[in-house]
Amino acid sequence: MAESVPMPMCPMAETCKGMMKKPLGGFALIIPGIILVILGIAVLIEPRILLWLVAVALIVMGIAMLVLSNFMRKVGERFQGMHG
């Protein structure tokens, strides 16, 4: 018969255990939740706000994609310089 050996703790379990010990972790999710509820109520009261929110989100996403593509291009150039 095989000897029973205690298994080491799963890394995911250790991570979850660490998150549960930190009181800030749960509080950090309350703030975005409150903001989303307030924005939802604001959209119900004044639907034109939704237009502005979508426009701002698209602009921010576009800028983020431009920054990311510039970063990827620079990393690619460095990689080509090292191996080329």
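Residues numbered from 1 in each chain as written. Predicted model: local features only at pLDDT ≥ 70, side-chain atom pairs only at ≥ 80, totals over all residues. Heavy atoms only, no water.

## Let's talk about the overall build of the chain
- Helix and strand counts for the chain come out as three helices and zero strands.
- Element order for the chain, N to C, with α for helix and β for strand: α-α-α.
- Here the chain holds 84 residues, and the buried ones make up 1% of them.
- Summed over its atoms, the accessible surface of the chain is roughly 8,100 Å², and 78% of this surface lies on carbon and sulfur atoms. (Helix = DSSP H or I, 4+ residues; strand = E, 2+ residues; numbered from the N terminus. Buried < 20%, exposed > 50% of the residue type's maximum accessible area, 1.4 Å probe, protein only. Areas by Shrake-Rupley, 256 points an atom, 1.4 Å probe, with all protein chains shown as cover.)

## Quick word on the pattern of salt bridges
- Inspection of the entire model under this criterion finds two salt bridges.
- Residue glutamate 46 pairs with arginine 48 through a salt bridge whose shortest N-O separation is 2.7 Å.
- Judged by its relative accessible area of 29%, glutamate 46 is partly exposed.
- Overall, arginine 48 belongs to the exposed group, its relative accessible area being 59%.
- Between glutamate 77 and arginine 73 there is a salt bridge, with the nearest N and O atoms lying 3.2 Å from each other. With glutamate 77 and arginine 73 both in helix α3 (residues 48-83), this residue pair falls four residues apart, about one helical turn. (Salt bridge = Lys/Arg side-chain N within 4 Å of Asp/Glu carboxyl O.)

## Digging into a nonpolar patch on the surface
- On the surface, Phe27, Ile30, Ile31, Ile34, Ile35, Leu36, Ile38, Leu39, Leu50, Leu53, Val54 and Leu58 cluster together to form a nonpolar patch covering roughly 1,100 Å² of accessible area.
- Counting only elements with at least two residues in the nonpolar patch, the list comes to α2 (24-45) and α3.
- The element that contributes the greatest number of residues to the nonpolar patch is α2, accounting for eight residues.
- Checked against the element boundaries, isoleucine 38 lands in helix α2.
- Judged by its relative accessible area of 52%, isoleucine 38 falls in the exposed class. (Patch = residues over 30% accessible without salt bridge, like charges linked within 9 Å, V, L, I, M, F, W, Y side chains within 5 Å.)

## A few points about the confidence of the model for the chain
- With 82% of its residues at a pLDDT of 70 or more, the chain shows a mean pLDDT of 83.
- The spread of mean pLDDT over the elements of the chain runs between helix α1 (residues 11-21), the lowest at 73, and α3, the highest at 92. (pLDDT = per-residue confidence, 0-100.)

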